[in-house]
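Each chain, written out:
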Amino acid sequence: MTRVGEYVATTPNNGSWRASPMDVFSSDIVNMERSRREKDAKGKFWKPIALLCSVAAILFFICAVALVGLVVVKYVNEEDKADKHHEQFQVSVDDSLHPFREEMKDGRMPSVDRPKFQSGLHWPSASGSLYTSFRRATIATDHGLCSEVGRDVMMIGGNAIEATIASLLCIGVVNPQSSGLGGGFLMTLFNKTTGRCVTIDARESAPASATENMYVKHPVDSSYGYRSIAVPSELHGFYTVYTRFGSGKVAWRRLVEPAMNLAARGFPVSNNLAEVLKKKEKHIMIDEHMVKEFVNPATGRVYEEGDMMRREALAKTLELIGNDTDPIGLFYRHGMAQSIAAEFHKNGAHVTAHDLSEYQTVIEETPLVVEDLPGGLSMCGPPPPSSFVVMQAIVRTMARFYNGTQAKNLDDPLIYHRLIETMKFAYAQRTKLGDTRFVQPAQELVTKMLTPNFISTIVAKIKDHALPMEDYVEIPMSMPEDHGTSHVSAIDEEGNAVSCTSTVNQLLGSMKISPTLGIIWNDEMDDFSTPGQANLFGFAPSETNFISPHKRPMSSMSPTIIYSKDGEVKMVSGAAGGSFIISSVAQAIIQTLLFNRTVKESLDAPRFHHQYLPHKCDYEYTVPKEIIEALRTRYQQNMTEVTKIASVVQSLQVSDDGYIHGNSDWRRKTSTYPAGF
């Protein structure tokens, strides 16, 4: 049984405790102190001998330092001569292997031939994020507590699916601003047994009464309050994949219990949650139920970083869900469904009891797969309403320029010019996408974007300067901005992998919480386009994303898995962060797959973002000014400096010897790290 309050778990093999990093470090210090005392008791006899040895060692050290000094002087002189002939990165890549270069020996961190910046540009130093390496299984989430919850599930025999469910239930408790039972998710699953990918669409859907023009006169209703809620689908998706793809070794209650305990006993408020509550304080204070959930009774203000927060109503809801033998029936058809429907009806929501009972999770047995990546690798992800098809176009286009088997000068601004142009072409196509079950032209476009010819067309259009706006797409259209999300990447002992992104859309969703269930409801109807509502730049809305009954709105979510021809997972990646997800996941993959960098180096690297509309490129301020100046003057790019691109990536990479290396993005101010064993 996992004791979540103490962040520990039992292992079935030897009964030993697996602790959190803090517990491990603390126990190590205790053991070191005990050992020191034992040695002191035995040390009196050896002190005279030790003194003589110390004197001899000092003399030897002085001689050694003098010798090393002579060698260093000679070495530096030779290096100065060599540097004059090398202006680019030196990357050693074995053409006979796939581009991943990390090697693991005896459990040590990998020795990687990494690019070295030699031209004098000022790139940022490494972030403080933890770079992990595990032999058997790893999971990375948006919160360290929830990474440990998923790890503990895999330690007792659970697979990547079960670990992901437990972790996302946990995330829904500690990060209510991003995801939870009131939202939905998109998932990519690699089944090691079959060697194939499957994708799961548990995205929220429009109610049966929805119409294309329902928000024309009252646009605010699509983004705030009960009328903005689409059919919540997360629990339906969780239990569907649990029964279909679970290991059969872990009880359903065991997956729900850690989240339930955190909600009941309390958890420390993270910096990120505290910032969101402060930002939304005005809206929280006008709703008595939001006040009860997010205002500290001791201070009369929203919870701050480090405060202990409990979610007692949600804890009771999770307990009912965990104990029920048919949680889908409970939530969507029977007792709990009646409570939800009554609450929605009372507050004027469009979702009805019938909408809840009719919801279905969609399992795609033939997801989107591209097989022309360098090294013979394949990449898979979900069809629209996911934006995976846009993301893969960015990666594959850049792979035509940089195939991962040649040295690259990462100080060369041409690399980033090509990246920006590639993003423009790919994002411009996104405005023509929509739920492919409802929009036939969108399905045809997806098929086209997966072909090698489509990528060749983009490559041929990219010049050594930015193009006029009309050159990227025939008819520019706008797509609504989606918002906050959570992501989990996981690989289990059997070699199965999961990439899953969950959301309630805007921060704290519709800003409405169930007073009886403690669930934050989504505002997913805001992700649809509405006729006549042009964006700030005057471009018409995307017709392929107009509202229709039971339709699912477009999303930037791009959960991705990369694997080899022999059925071995090589990389799992995905991100939170609205429209920034697409460019951030693409750059994480490009940096690792094409530029031969570790997953930490890939996530630490400064990012660029251009989504076609608005027609500007955001870049993180840590990009060397020389590169930005060249992009502005030589390549005519419209550059805008930002502190950071608001997307948080979770990436795992498997090296040739089987070790799983992981990193959680530093860009979200939450204590997070991958966990594994």
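Here the structure is a predicted model, which is why all the values come from computation and not from measurement. (Residues numbered from 1 in each chain as written. Predicted model: local features only at pLDDT ≥ 70, side-chain atom pairs only at ≥ 80, totals over all residues. Heavy atoms only, no water.)

1. Looking at the overall build of the chain
A tally of helices and strands in the chain yields 20 helices and 23 strands. Split into buried and exposed, the 677 residues of the chain put 58% on the buried side. For the chain, long-range pairs separated by at least 24 residues make up 74% of all intrachain contacts whose partners lie at least 6 apart in sequence. Accessible area of the chain: about 28,200 Å², with a carbon and sulfur share of 55%. (Helix = DSSP H or I, 4+ residues; strand = E, 2+ residues; numbered from the N terminus. Buried < 20%, exposed > 50% of the residue type's maximum accessible area, 1.4 Å probe, protein only. Contact = heavy atoms within 4.5 Å. Areas by Shrake-Rupley, 256 points an atom, 1.4 Å probe, with all protein chains shown as cover.)

2. Examining the state of the cysteines
Overall, the coordinates contain two disulfides when judged by the stated rule. Two residues share a disulfide in this structure: cysteine 146 and cysteine 170, whose sulfurs sit 2.1 Å from each other. Judged by the sign of its S-S torsion, about -75°, the bond between cysteine 146 and cysteine 170 is left-handed. Of this pair, cysteine 146 sits in helix H3 (residues 144-155) while cysteine 170 sits in helix H4 (residues 160-174), and the two are 24 residues apart along the sequence. Cysteine 170 carries the same exposure label as cysteine 146, and that label is buried. One disulfide in the model links cysteine 197 with cysteine 380; its S-S distance is 1.9 Å. On the criterion of sequence distance, the pair formed by cysteine 197 in strand S6 (residues 196-202) and cysteine 380 in strand S13 (residues 378-381) is long-range, its members being 183 residues apart. The exposure class assigned to cysteine 197 is buried, which follows from its relative accessible area of 4%. We classify cysteine 380 as buried; its relative accessible area is 0%. (Disulfide = S-S within 2.5 Å.)

3. Things to note about the nonpolar core
Nonpolar side chains tend to gather and get buried jointly when the protein is soluble and globular. The biggest cluster of nonpolar side chains holds 84 residues, and the ones touching the most others in it are Ile165, Val173, Trp252, Ile284, Leu318 and Phe331. At eleven residues, H4 tops the list of elements feeding residues into this core. Those residues in contact with phenylalanine 331, other than ones at most four positions away along the chain, are Leu181, Pro232, Leu235, Ile321, Met336, Ala337, Ile340, Ile519 and Trp521. The next biggest cluster of nonpolar side chains, apart from the first, holds 71 residues, and it includes Val389, Leu445, Met557 and Leu613. (Core = buried A, V, L, I, M, F, W, Y, C linked by side-chain atoms within 4.5 Å.)

4. Focus on helix H6 (residues 252-265)
Along its 14 residues, H6 runs 21 Å from first to last C-alpha, staying within 8% of the 20 Å computed at 1.5 Å per residue. Considering bend angle alone, the principal kink of H6 is centred on proline 258 and spans about 30°. For H6, the full list of buried residues reads Trp252, Arg254, Leu255, Val256, Glu257, Pro258, Ala259, Met260, Asn261, Leu262 and Ala263. Contacts made by the buried residues of H6 are with H3, H4, helix H5 (234-245), strand S7 (267-268), helix H10 (312-323) and helix H11 (327-332). Just downstream of H6, glycine 266 is the residue with a positive phi angle, here 105°. (Expected span 1.5 Å × (residues − 1). Bend = angle between axes of the 7 residues up to and from the residue.)

5. Digging into the pairing of strand S19 (residues 617-620)
Residues Cys617 and Tyr619 point to one face of S19 and Asp618 and Glu620 to the other, with burial holding for every one of them. Here strand S18 (residues 608-609) pairs with S19 via two bridges, running antiparallel. Bridge pairing links phenylalanine 608 to tyrosine 619 in S19. With four bridges joining them, S19 and strand S20 (residues 639-642) adopt parallel strand pairing. Bridge pairing in S20 places cysteine 617 opposite methionine 639. (Pairing = 2+ DSSP bridges.)

6. Digging into the pattern of salt bridges
Taken as a whole and judged by the stated rule, the model has 28 salt bridges. One salt bridge in this structure joins lysine 278 and glutamate 281, with 3.4 Å as the shortest N-O distance. Connected through salt bridges with shared partners, the residues Asp201, Glu364, Asp435, Arg437 and Arg552 form a single ionic network. (Salt bridge = Lys/Arg side-chain N within 4 Å of Asp/Glu carboxyl O.)

7. Some details on the side chain of asparagine 522
Mapped onto the elements, asparagine 522 comes out in the loop between strand S15 (497-503) and strand S16 (560-563). The class of asparagine 522 is buried, set by a relative accessible area of 0%. From its side chain, asparagine 522 meets the backbone nitrogen of alanine 230 in a polar contact 3.0 Å long. Beyond its immediate stretch of four places on either side in the chain, asparagine 522 contacts Gly182, Gly183, Glu204, Ser228, Ile229, Ala230, Pro232, Val504, Gly509 and Ser510. (Polar contact = N/O pair within 3.5 Å; in protein donor to acceptor, adjacent residues only side chain to side chain.)

8. Some thoughts on the sheet that holds strand S4 (residues 138-140)
On the basis of which strands lie adjacent, the open sheet formed by seven strands has the order S11-S6-S5-S15-S14-S4-S23 and antiparallel pairing. Of all strands in the sheet, those bounded by a partner on one side alone are strand S11 (362-364) and strand S23 (675-676). Note that S6 and S11 share three bridges and pair antiparallel. Residue pairing in the sheet places aspartate 201 in a bridge with valine 362 of S11. Lying on the sheet, H4 is in contact with S4, strand S5 (184-191), strand S14 (485-491) and S15; it crosses S15 at an angle near 25°. (Axes fitted to C-alpha atoms, helices over the stretch in contact; angles between N-to-C directions.)

9. Observations regarding the confidence of the model for the chain
Of the residues in the chain, 82% reach a pLDDT of 70 or more, and the chain-wide mean stands at 86. The low-confidence segment residues 63-118, where pLDDT is below 50, has 89 contacts with residues more than four positions distant or belonging to other chains. (pLDDT = per-residue confidence, 0-100.)

10. Some thoughts on the UniProt feature "binding site: L-glutamate" (unreviewed entry) in the chain
Here, the residues flagged by UniProt with the feature "binding site: L-glutamate" (unreviewed entry) are Arg203, Thr503, Val504, Asn505, Asp527, Ser555, Ser556 and Gly578. Taken along the chain, the residues just named run across 376 residues; in space they keep tight, none of their C-alpha pairs more than 14.5 Å apart. Its place among the elements puts serine 555 in the loop between S15 and S16. A relative accessible area of 2% means that serine 555 is categorised as buried. Apart from the residues within four sequence positions on either side, serine 555 is in contact with Arg203, Pro385, Ser386, Ser387, Arg430 and Asp482. Following the sequence through the fold, glycine 578 ends up in the loop between strand S17 (569-576) and helix H18 (580-594). On the basis of relative accessibility, which here comes to 1%, the residue glycine 578 falls in the buried class. Sequence-distant contacts of glycine 578, defined by excluding residues within four places in its chain, comprise Asp482, His483, Thr485 and Ser556. (UniProt positions renumbered as here; feature names shortened; annotations may be inferred.)

11. Describing the packing of helix H14 (residues 388-401) against helix H15 (residues 413-430)
One way to put it is that H14 packs onto H15 with a least axis distance of 9 Å and a crossing angle of 145°. Note on packing geometry: the crossing formed by H14 with H15 is right-handed. Each of Val390, Ala393, Ile394, Thr397, Met398 and Phe401 in H14 lies in contact with H15, whose residues at this interface are Ile415, Arg418, Leu419, Thr422, Met423, Ala426, Tyr427 and Arg430. (Left-handed = near helix turned anticlockwise from the far one by under 90°.)

12. Focus: the sheet that holds S13
The antiparallel open sheet is built from seven strands, whose spatial order is S3-S22-S21-S17-S16-S13-S12. With partners counted over all chains shown, the strands left at the sheet margins are strand S3 (131-134) and strand S12 (368-370), one partner each. Direction aside, the axes of adjacent strands within the sheet are offset by 15° on average. By the bridge criterion, four bridges tie S16 to S17 in an arrangement that is antiparallel. Bridge pairing in S17 places isoleucine 562 opposite methionine 571. On top of the sheet, H18 reaches S13, S16, S17 and strand S21 (648-654); it is set at about 150° to S17, its chief contact.

13. A few points about the packing of H14 against helix H17 (residues 452-461)
With their axes 10 Å apart at the nearest point, H14 and H17 run at an angle of 65° to one another. Like other packed secondary-structure pairs, H14 and H17 cross with a definite hand, here right-handed. On the side of H14, the interface is formed by Ala393, Arg396, Thr397, Arg400 and Phe401, while H17 contributes Pro452, Phe454, Ile455, Ser456, Ile458 and Val459. The residue makeup of the contact of H14 with H17, split by class, is seven nonpolar, two polar and two charged. (Nonpolar A, V, L, I, M, F, W, Y, C, P; charged D, E, K, R; others polar.)

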